[in-house]
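A closer look at the structure
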Amino acid sequence: MEPVLRSRRPRRADARRNFDALLVAAREAFAEIGAQASLEDIARRAGVSIATLYRNFPAREDLVEEVHREEVEALCRAAAELGDLEPWEALVAWLRRFVEYIGTKLAFADALNRATDSFQACRRAMRDAGGPLLERAQRAGVARPEPSIDDILRMVSGISTVEYVDDAQRERVLRLVLAGLRAA
């Protein structure tokens, strides 16, 4: 799979370790606190100095974009790995992974500048990854023929951003959406 965008990951092994540690720490901090998580806390969690953080990510937005880019690439890889499943099962598995992705990104979704090349490239990559799964399910007659992948990603994003009483309620809503997507 081609990368969504070229990563900022350094070439030297020690610098790459620091970079990766910063991404892990940022992902955790953003999930716990949101996009406004302290950069000093992220550096501390990663075991590096704040100067190392700024050398790799001159602005908070750079760090948020890199975490987002990596998550989108993981989502795209997941689509590619589902080729052995039956068309409907592959589509449902990927949409569930998409719901998980959206759910973990709510904390810093507003921090993403949606006009950037990075964000637009990530949107294209998600459509490119999910589109073939939907088309295969539509060709097999197990998914309704009307919706496009963009329709489905918007619908699933919408239900993923709502606050639920518990995980069971979120699962019921997702099952209703999937039932509506399935061909009669």
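The present account deals with the structure reproduced in this document. None of these values were measured; they are calculated from a predicted model.

Let us now look at the overall build of the protein chain. Looking only at helices and strands, the protein chain features eight helices and zero strands. Listing the helices and strands of the protein chain from first to last along the sequence gives α-α-α-α-α-α-α-α. Buried residues in the protein chain amount to 45% of all 184 residues. Taking the intrachain contacts of the protein chain between residues at least 6 apart in sequence as the baseline, contacts between residues at least 24 apart amount to 67%. Per element, the accessible surface of the protein chain, about 10,000 Å² overall, is 50% carbon and sulfur.

As a further point, take the side chain of Asp-41. Topologically, Asp-41 is positioned in helix α2 (residues 39–46). Note on Asp-41: relative accessible area 17%, which makes it buried. Ignoring any residue separated from it by four or fewer positions in sequence, one finds Asp-41 in contact with Ala-29 and Ile-33.

Bringing the packing of helix α1 (residues 13–33) against helix α4 (residues 60–80) into the picture now. Helix packing geometry: the angle between the two helix axes and the distance between the axes. At a minimum axis separation of 10 Å, α1 and α4 run at an interaxial angle of 90°. Classified by the angle their axes make, α1 and α4 are roughly perpendicular. Counted together, Phe-19, Leu-23, Ala-26, Arg-27 and Phe-30 of α1 and Leu-63, Val-64, Glu-66, Val-67, Glu-70 and Glu-71 of α4 form the full contact between these two elements. In the contact of α1 with α4, the residues fall into seven nonpolar, no polar and four charged.

Along its twelve residues, helix α7 (residues 149–160) runs 16 Å from first to last C-alpha, staying within 8% of the 16 Å computed at 1.5 Å per residue. Listed in full, the buried residues belonging to α7 are Ile-149, Ile-152, Leu-153, Val-156, Ile-159 and Ser-160. Buried residues of α7 fall within an arc of 135° about the axis and therefore sit on the same side.

One pass over the structure, following the stated rule, counts eleven salt bridges. Where Arg-27 meets Glu-71, a salt bridge forms, and the shortest distance between an N and an O atom there is 2.6 Å. Of the two residues, Arg-27 is situated in helix α1 and Glu-71 in helix α4; the sequence distance between them amounts to 44 residues. Under the relative-accessibility criterion, Arg-27 is labelled partly exposed at 25%. Residue Glu-71 is classed as buried on the basis of its relative accessible area of 13%. Between Glu-66 and Arg-69 there is a salt bridge; the shortest N-O distance is 2.6 Å. Taken as a pair, Glu-66 and Arg-69 lie in helix α4 at a separation of three residues, close to a single helical turn. Neither residue differs from the other here; Glu-66 and Arg-69 are each classed as buried.

This brings us to the environment of Arg-97. Following the sequence through the fold, Arg-97 ends up in helix α5 (residues 87–105). Spatially, the C-alpha atoms of Arg-97 and Ala-78 are 7.8 Å apart, while their sequence positions differ by 19 residues. Excluding its chain neighbours within four sequence positions, the residues that come into contact with Arg-97 are Ala-74, Leu-75 and Ala-78.

We now examine the nonpolar core. One finds Leu-91, Trp-94, Leu-95 and Phe-98 to be the most contacted residues of the largest nonpolar core, which totals 34 residues. Those elements that provide at least two residues to this core are α4, α5, α6 (117–139), α7 and α8 (167–181). It is α5 that provides the largest number of residues to this core, a total of ten residues.

Calculation criteria
Counting from 1, residues in each chain are numbered in the order their sequence is written. Totals for whole chains, interfaces and linings use all residues, but because this is a predicted model, local features are given only for residues with pLDDT of at least 70 and pairs of side-chain atoms are given and counted only at 80 or more. Calculation of side-chain values draws on the structure's entire complement of heavy atoms; hydrogens and water are dropped beforehand. Each helix is a run of H or I in the DSSP string that is no shorter than four residues. Each strand is a run of E no shorter than two, and both are numbered from the N terminus. Think of it in three bands: with a 1.4 Å probe and only protein chains considered, a residue is buried below 20% of the maximum accessible area for its type, exposed above 50%, and partly exposed in between. Residues are treated as being in contact if the distance between any of their heavy atoms lies within 4.5 Å. Note on areas: Shrake-Rupley, 1.4 Å probe, and residue coverage restricted to the protein chains presented here. Orientation is described by axes fitted as lines to C-alpha atoms, over the contacting stretch for helices, and by angles from 0 to 180 degrees between their N-to-C directions. The labels follow the angle: roughly parallel below 35 degrees, roughly antiparallel above 145, roughly perpendicular from 65 to 115, and oblique for the rest. When residue character is reported, Ala, Val, Leu, Ile, Met, Phe, Trp, Tyr, Cys and Pro are called nonpolar, Asp, Glu, Lys and Arg charged, and the others, Gly included, polar. Here the expected length of a helix is defined as 1.5 Å per residue gap, with one fewer gap than residues. By arc we mean the arc of the directions from the helix axis to the C-beta atoms, nothing more. Any Lys or Arg side-chain nitrogen located within 4 Å of an Asp or Glu carboxyl oxygen qualifies as a salt bridge. Among buried residues, those of type Ala, Val, Leu, Ile, Met, Phe, Trp, Tyr and Cys that are joined through side-chain atoms within 4.5 Å constitute a nonpolar core.

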